[in-house]
Amino acid sequence: MTEYVFEFIRQIRFVEIIEFIGTFAFAISGVRGAATKKCDWFGAFVLGFVTAVGGGTFRDLLLGMTPFWMLNSIYLWCTFFSLLFYIFLREHLNQLNSFFFWSDSIGLGLFVVVGAEKAMLLGYDTWVIVVMGTITAVFGGIIRDILLNKVPRIFKREIYASPCIVGGIFFVILQVFNFNLPFISAITIGIVVLLRFVAVRWDLQIPKLKSEKTL
Amino acid sequence: MTEYVFEFIRQIRFVEIIEFIGTFAFAISGVRGAATKKCDWFGAFVLGFVTAVGGGTFRDLLLGMTPFWMLNSIYLWCTFFSLLFYIFLREHLNQLNSFFFWSDSIGLGLFVVVGAEKAMLLGYDTWVIVVMGTITAVFGGIIRDILLNKVPRIFKREIYASPCIVGGIFFVILQVFNFNLPFISAITIGIVVLLRFVAVRWDLQIPKLKSEKTL
Amino acid sequence: MTEYVFEFIRQIRFVEIIEFIGTFAFAISGVRGAATKKCDWFGAFVLGFVTAVGGGTFRDLLLGMTPFWMLNSIYLWCTFFSLLFYIFLREHLNQLNSFFFWSDSIGLGLFVVVGAEKAMLLGYDTWVIVVMGTITAVFGGIIRDILLNKVPRIFKREIYASPCIVGGIFFVILQVFNFNLPFISAITIGIVVLLRFVAVRWDLQIPKLKSEKTL
């Protein structure tokens, strides 16, 4: 028995741990959003799940593939744990803000890599690869905000997508030099995390659109 | 001529009658929602149609199949009739609330069965079968609420998805005993309808999420 | 070098020019919407892009095909130009209202033709052809309004979808007479533009739905 568990743990790859943490952080952000609208546990679960897997699902539909979460129940469980976590540790969440910021950022970077890699393996153009990486990373949050009846925050305030786009571009450029995939992935994630940190730390903003006088 | 009509009627299976009634009830709920936002007839038609077929469409996209309503115009006609029904019998609708409650519940149960069966035939895991049944039943209402610019009601107030999930689980369990599909389907629908009735009758609620003090 | 450019220009077909203009007009309407909600440039770009390609993307997903914009970067560039155009020429946009009205209408007609043609080539039923033409033309605007957190305008006020539906029906009927496709397309676009002009000029409205007294 013990050796099976041991074997199981040994087979978990590093990237899966990152993915779990990233998914968890994304799901928590969905659950927190649900709490602001006084949703019940079911609504919170759906919102957490959609935030976590929405980007990858949309990517897979665009690429004509079976959505990744239908092939592995881990994402469902991860959302379930994040809901339990929220229900029982809600009071202490604010002390964990910095943990969630980093988890979310690393998840963001990893999602860019996963999305970009999938599009690359299917032979799409460079720009499609960048777009797919970005969609994987940010689309879940857009659906979360639609379900919460808000204009997606990412369109208005935060530098959130730009690090993904830049990360995706680096992912593509680094391919040219024939580095191996783990190295390229690590660099891409690093760039996304770094840019997001810089953007939040110095409160960088993309210029806002001015409206016409009369519409 | 008469014999053709007779033959046509003879070929309608019982499940198709249930499906028509369920689709009608779902479409009416979309049309009623459209009326609350002063939509025009076109908007009401789209909202009715989306409420009725939205769940199955999303399921089919996830499963990589052609959306079911593109293969049979009956769903379009059913929505059309529900719109006419609303326009002409609007004043009397409240007297029919109980009829619509039961139609909606039976439709809900049938949609769970249809969705779960499709996923099962494609060989998906148990939990995907339950999820697909639930998505088929509840996703149309979620899109309706998004289009009406509201947080989906199902996330906040009503016990609506839980009966579907429980029904889906029973659908899967009953497979193990090798009952035939019509029997399993009838039991599943019965469970969904019963649970929904119990939930509404005694006003059961899923616990709400409490928000953190500061977000 | 010059001859390559010349050759490139010579190969642009008339329909591509119309498509570019139509896409541009659709993207501008997304960017304008973004401006009303004080989105930043990234949000405006996404909204413009979604408005321009959303209808065709949904159509392609329903038809089980690769979304058209993933095969040609022109739509991304077109959205990019429309954003630049808005940022620099915002003040003068109102003088261009009539230009945008016509571009938008012609785009609407062309999108109906493109969507209807795709469904026809795949051998779908007549009514699916009409539905796909209409979805191609109007769905982008629906997503734009969802993202801007509004009930889709098309459900409430404007005669916008009806010309598309009528155009689609004509597209199907004209097939019966074995006219060639360019001719049928031109007629369809003409009908859509004409009906839209008539509807706006005389402020035609589809009847609104009345609400029940109590809901």
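Before reading on, note that the structure itself is shown above.
Residues numbered from 1 in each chain as written. Chains lettered and ligands numbered in written order. Predicted model: local features only at pLDDT ≥ 70, side-chain atom pairs only at ≥ 80, totals over all residues. Heavy atoms only, no water.

Draft legend 1. A look at a nonpolar patch on the surface. All names here are of chain A. A contiguous nonpolar patch, built from Ile169, Ile173, Val176, Phe177, Phe179, Phe183 and Ile187 and spanning about 640 Å² of accessible area, is present on the exposed surface. Put simply, the parts of the chain that give the nonpolar patch at least two residues each are α7 (161-176) and α8 (181-201). Per-element accounting of the nonpolar patch gives the leading share, three residues, to α7. With respect to the secondary-structure elements, Ile173 resides in helix α7. You can call Ile173 partly exposed: its relative accessible area is 41%. (Patch = residues over 30% accessible without salt bridge, like charges linked within 9 Å, V, L, I, M, F, W, Y side chains within 5 Å. Areas by Shrake-Rupley, 256 points an atom, 1.4 Å probe, with all protein chains shown as cover. Salt bridge = Lys/Arg side-chain N within 4 Å of Asp/Glu carboxyl O. Helix = DSSP H or I, 4+ residues; strand = E, 2+ residues; numbered from the N terminus. Buried < 20%, exposed > 50% of the residue type's maximum accessible area, 1.4 Å probe, protein only.)

Draft legend 2. Here's a closer look at the packing of helix α2 (residues 14-36) of chain C against helix α5 (residues 97-121) of chain C. Residue and element names in this part refer to chain C. Put simply, α2 and α5 touch, their axes get as near as 8 Å, and they point 120 degrees apart. Relative to α5, α2 is oriented oblique. Regarding α2 and α5, the two cross each other, and that crossing is left-handed. Of the residues in α5, those touching α2 at Val15, Ile18, Glu19, Ile21, Gly22, Thr23, Phe24, Ala25, Phe26, Ile28 and Arg32 are Asn97, Phe100, Ser103, Asp104, Ile106, Gly107, Leu108, Leu110 and Phe111. A per-class count over the contact of α2 with α5 returns twelve nonpolar, five polar and three charged. (Axes fitted to C-alpha atoms, helices over the stretch in contact; angles between N-to-C directions. Parallel < 35°, antiparallel > 145°, perpendicular 65-115°, else oblique. Left-handed = near helix turned anticlockwise from the far one by under 90°. Contact = heavy atoms within 4.5 Å. Nonpolar A, V, L, I, M, F, W, Y, C, P; charged D, E, K, R; others polar.)

Draft legend 3. Seen up close, the relation of the copies chain A and chain C. Overlay of chain A on chain C (RMSD 0.0 Å): rotation 120 degrees, translation along the axis 0.0 Å. Seen this way, the second copy is the image of the first under a three-fold rotation axis. Measuring from the rotation axis to each C-alpha of chain A, the shortest distance belongs to A:Asn149, at 3.7 Å. Counting the interface residues of chain A, we find that no more than 10% of their copies in chain C are interface residues as well, pointing to two distinct contact surfaces. (Least-squares fit on C-alpha atoms with pLDDT ≥ 70 in both.)

All we've got here are geometric facts, nothing functional implied.
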